[in-house]
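Residue strings, one per chain:
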Amino acid sequence: MKKIRDFSSRYPHFYLLLLLIPIQIWFQYSELTLAPVYFTQTGLDEKIPFLKAFVVPYLLWFAFVPYGVVYIGLHSKKDFYKLFLFLFGGMAVSNLAFTVFPNAQSLRPPLSSDDPFSLLLKMVYFVDTPTDVCPSMHVINSIAVDAALQHSRAFSAGRFRKAAAHILTVLICLSTVFVKQHAVLDVICGAVVSALLYIPLYLLPARRIGSRRRSGRVENAGIQAGEIGAKRETGHP
């Protein structure tokens, strides 16, 4: 119990995660009460093969997202706030879309085999209904965690970490369509929502910092040039 108190006093920002509970309740309410009106699959989805092996990266999402949240929270409060805003904002936008445009997809194939991949997919299909799919929260949360890790100084210290996080994020996003949990439209909309959150949280601040650094270098160069000119006028070397 003392360890828990010590942890919570040292990392109080983790309490923000409690705000995700009403978001999850909202999602569950939509799942139980709203009948789908819109179906998101298109002709393109029929051309995408069903690849059972991609259930592995699909399920890795359930480890990747908590890992990213805990890692960022332990290493940087500022980065944690950005990640939380990304996750909370993405899930809130998704739930709003599910409420206003109740949607679903009907791409799931019958599973008759008992190989390990089929058994895992049967579990996924049983637990997660094919409703409330657009935009894909699987995609949004994966991109949110990847963005936070890519901008983390602590995480960047590892040589291959950033590349591994990128690759896993891409595989997770691809897995959603290969295991027929999402349609292509769901993934595209998830990526669009992610971009709209990424720009104010990461892209614009990075550009402002870069602009200030360039302005500082120009200013320093001007000062140095002025000092050199003054020395020449006074005859000092």
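Refer to the structure presented above.
Conventions and cut-offs
- Each chain has its residues counted from 1, running along the sequence as written.
- Reporting of local features is limited, given that this is a predicted model, to residues whose pLDDT is at least 70; pairs of side-chain atoms are given and counted only at 80 or more, and all residues count toward the totals for whole chains, interfaces and linings.
- Hydrogens and water are ignored here; the side-chain numbers use all heavy atoms of the structure.
- For the purposes of this entry, the term helix denotes a DSSP run of H or I that reaches at least four residues, the term strand denotes a run of E that reaches at least two, and both are numbered from the N terminus.
- Residue exposure (1.4 Å probe, protein chains only): buried if accessible area is under 20% of the type maximum, exposed if over 50%, otherwise partly exposed.
- Contacts are residue-level and defined by heavy atoms, with any inter-residue pair within 4.5 Å sufficient.
- For accessible areas, the Shrake-Rupley method is used with a probe of radius 1.4 Å. Any residue's cover is judged against the shown protein chains and nothing else.
- Expected helix span is taken as 1.5 Å per residue step, with the number of steps being one fewer than the number of residues.
- Starting at the helix axis, one direction is taken to each C-beta atom, and the arc is that of these directions.
- Think of it this way: a Phe, Tyr or Trp ring, Trp meaning its six-membered ring, pairs with another when their centres are within 6.5 Å, and the plane angle makes it stacked under 30 degrees, edge-to-face over 60, tilted otherwise.
- Only buried Ala, Val, Leu, Ile, Met, Phe, Trp, Tyr and Cys residues count toward a nonpolar core, and they belong to the same one when joined by side-chain atoms within 4.5 Å.
- The way it works is a 1 Å grid over only the protein atoms, where trapped points that fit a 1.4 Å probe form a cavity and open points with protein on both sides within 12 Å along at least five of seven lines form a pocket, and then any residue with an atom within 4 Å of a point lines it.
- Grid points are joined across faces, edges and corners, and a volume is the space filled by probe spheres set on the points.
- Gly counts as polar in this scheme, as do all residues outside two lists: the nonpolar Ala, Val, Leu, Ile, Met, Phe, Trp, Tyr, Cys and Pro, and the charged Asp, Glu, Lys and Arg.
- Interaxial angles span 0 to 180 degrees and are taken between N-to-C directions of axes, which are lines fitted to C-alpha atoms, for helices over the stretch in contact.
- Throughout, the term roughly parallel applies to angles under 35 degrees, roughly antiparallel to angles over 145, roughly perpendicular to angles from 65 to 115, and oblique to all others.
- By convention the crossing between two helices is left-handed if the near helix lies anticlockwise of the far one by an angle smaller than a right angle, and right-handed if it lies clockwise.
- The charge count treats Lys and Arg as positive and Asp and Glu as negative. His and the chain ends do not count.
- The salt bridge definition used is simple: a Lys or Arg side-chain nitrogen within 4 Å of an Asp or Glu carboxyl oxygen.
- Pairs of N or O atoms within 3.5 Å make up the polar contacts considered here, provided that, within protein, one atom can donate a hydrogen while the other can accept it, and that residues adjacent in sequence are counted only when both atoms are side-chain atoms.

If you tally the helices and strands in the protein, you get ten helices and two strands. When the elements of the protein are put in sequence order from the N terminus, they spell out α-α-β-α-α-α-β-α-α-α-α-α. Relative to its full complement of 237 residues, the protein shows a buried share of 39%. Considering only intrachain contacts with a sequence separation of at least 6, the fraction spanning at least 24 residues in the protein is 84%. By element, 69% of the accessible surface of the protein is carried by carbon and sulfur atoms, the whole surface being about 13,900 Å².

What follows deals with helix α2 (residues 20–33). For α2, built from 14 residues, the straight-helix expectation of 20 Å at 1.5 Å per residue is met to within 8% by its first-to-last C-alpha distance of 20 Å. Among all positions in α2, only Leu 20, Ile 23, Phe 27, Ser 30 and Glu 31 are buried. Projection of α2 onto a plane perpendicular to its axis shows the buried side chains occupying an angular sector of 100 degrees, all on one side. In α2, the exposed positions that point more than 90 degrees away from the buried face belong to Ile 25, Tyr 29 and Leu 32. Contact partners of the buried residues in α2: α5 (77–100) and α7 (137–150).

So, on to the packing of aromatic side chains. For the structure shown, the criterion picks out twelve aromatic pairs. Centroid distance Tyr 71 to Phe 155: 5.6 Å. Interplanar angle 85 degrees. Geometry classified as edge-to-face. Residue Tyr 71 is located in helix α4 (residues 55–75), and its partner Phe 155 is located in helix α8 (residues 153–156); the two are separated by 84 residues in the primary sequence. Members of the aromatic cluster, each reached through a chain of ring pairs, are Phe 7, Tyr 11, Phe 14 and Phe 80.

This brings us to the nonpolar core. Counting 25 residues, the largest nonpolar core has Val 69, Ile 72, Leu 83, Phe 86, Val 145, Leu 149 and Tyr 202 as its most contacted members. Mapped onto this core, the elements with two or more residues apiece are α4, α5, α7, α9 (161–178) and α10 (184–234). Among all residues touching Ile 72, those that are not within four sequence positions of it are Asp 79, Phe 80, Leu 83, Ala 148, Leu 149 and Ser 152. One finds Val 55, Leu 121, Tyr 125 and Val 177 within the second-largest nonpolar core, a separate group that totals 14 residues.

Our focus in this paragraph is the layout of surface pockets. There is about 830 Å³ of room inside the largest pocket. Forming the boundary of the largest pocket are 34 residues, of which Gln 24, Phe 27, Trp 61, Phe 62 and His 138 lie nearest the centre. Those elements that place two or more of their residues in the lining of the largest pocket are α2, α4, α5, α6 (116–127) and α7. Empty space within the second largest pocket amounts to approximately 400 Å³. Considering the residues around the second largest pocket, the lining is formed by 13 residues, among which Lys 78, Asp 79, Lys 82, His 151 and Ile 209 are closest to the centre. Contributions of two or more residues to the lining of the second largest pocket are made by α5 and α10. In terms of residue count, the dominant contributor to the lining of the second largest pocket is α10 (six residues). Classifying every residue of the lining of the second largest pocket by side-chain character gives five nonpolar, three polar and five charged.

Time to look at the packing of α4 against α7. Two elements in contact, α4 and α7, have axes separated by 9 Å at closest approach and are oriented at 40 degrees. The angle between the axes of α4 and α7 places the two elements in the oblique class. Crossing handedness for the pair α4 and α7: left-handed. Of α7, the residues touching α4 (which contributes Tyr 58, Trp 61, Phe 62, Phe 64, Val 65, Gly 68, Tyr 71 and Ile 72) are Met 137, His 138, Asn 141, Ser 142, Val 145, Asp 146, Ala 148 and Leu 149. Broken down by class, the residue content of the contact of α4 with α7 amounts to eleven nonpolar, four polar and one charged.

For Glu 31, the position within the fold is in helix α2. Although Glu 31 is buried, it forms no salt bridge, and the closest oppositely charged side chain is Arg 108 at an N-O distance of 8.1 Å. Here the side chain of Glu 31 touches Thr 129 through a polar contact of 2.7 Å, side chain to side chain. Each residue touching Glu 31, except ones within four places of it in the same chain, is listed here: Asp 128, Thr 129, Thr 131 and Asp 132.

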